[in-house]
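# Summary of structural features
What follows is the residue order along each chain.
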Amino acid sequence: MFFDHDSGNIVLYGGIYYNGASLEERIGSWRFSGQSWSDLSTAGPGLNRYLCGLSHDTNRGKTFMYGGGAKGGNPYPRALSSSVFEWNSEGWDLVTTSS
């Protein structure tokens, strides 16, 4: 979860929750305006992920998401990703990195 300085909203991505019987993954992004939540499900990288890191670069005014993974054995992910995505105020763009 992070504060989007461009829109003035809080943005939440992905996650996992316990429904009373098992863990369930969440996919997508949600925006909170201070009044209500909006589903930005088309704005996500398309992977149910949790344990990802979010970081805001104040010098560049950019927010990045790194890593995370999809649920495998409870509660640990089956594989961690090294993907990096950048928030564009409407969704996530994959960042191409060099080795």
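What comes next concerns the included structure.

Rules used in this analysis
- Residue numbers run consecutively from 1 along every chain, following the written order of its sequence.
- Totals for whole chains, interfaces and linings use all residues, but because this is a predicted model, local features are given only for residues with pLDDT of at least 70 and pairs of side-chain atoms are given and counted only at 80 or more.
- Heavy atoms throughout the structure, all of them, feed into the side-chain values; hydrogens and water do not.
- Secondary structure follows DSSP: runs of H or I at least 4 residues long count as helices, runs of E at least 2 residues long count as strands, and numbering of each begins at the N terminus.
- Residues enter a nonpolar core if they are buried and are Ala, Val, Leu, Ile, Met, Phe, Trp, Tyr or Cys, with the set joined through side-chain atoms within 4.5 Å.
- Only protein chains enter the accessibility calculation, which uses a 1.4 Å probe; a residue is then buried when its area is under 20% of its type maximum, exposed when over 50%, and partly exposed in between.
- Note on pairing: DSSP must find at least two bridges between two strands before they are called paired.
- An axis is simply a line fitted to the C-alpha atoms; with a helix, the fit covers only the stretch in contact. Between two such axes, the angle follows the N-to-C directions and lies from 0 to 180 degrees.
- By definition in these notes, contact holds between two residues if any of their heavy atoms fall within 4.5 Å.

## Overview of the environment of Gly 68
Here Gly 68 is to be found in the loop between strand S6 (62-66) and strand S7 (69-71). Sequence separation between Gly 68 and Val 84 is 16 residues; the distance between their C-alpha atoms is 9.9 Å.

## Comments concerning the nonpolar core
One recurring pattern in soluble globular proteins: nonpolar side chains tend to sit buried together. With eight residues, the main nonpolar core is built from Phe 2, Val 11, Tyr 13, Leu 40, Met 65, Phe 85, Trp 87 and Trp 92. Elements supplying a minimum of two residues to this core: strand S2 (9-18) and strand S9 (84-87).

## Topic: the sheet that holds strand S1 (residues 2-4)
The strand order across the open sheet built from four strands is S1-S2-S3-S4, with neighbouring strands paired in antiparallel fashion. Each edge of the sheet is formed by a strand with only one pairing partner; in this case those strands are S1 and strand S4 (37-39). In this sheet, adjacent strand axes meet at a mean angle of 35° when their direction is disregarded. Bridge count for strand S3 (residues 23-32) against S4 is three bridges, and the pairing is antiparallel. Bridge pairing in S4 links Arg 31 to Ser 38.

## Describing the side chain of Arg 31
With respect to the helices and strands, the residue Arg 31 is situated in strand S3. Residues in contact with Arg 31, not counting those within four places in the same chain, are Ser 7, Asn 9, Ile 10, Ser 36, Trp 37, Ser 38, Leu 40, Trp 87, Ser 89 and Glu 90.

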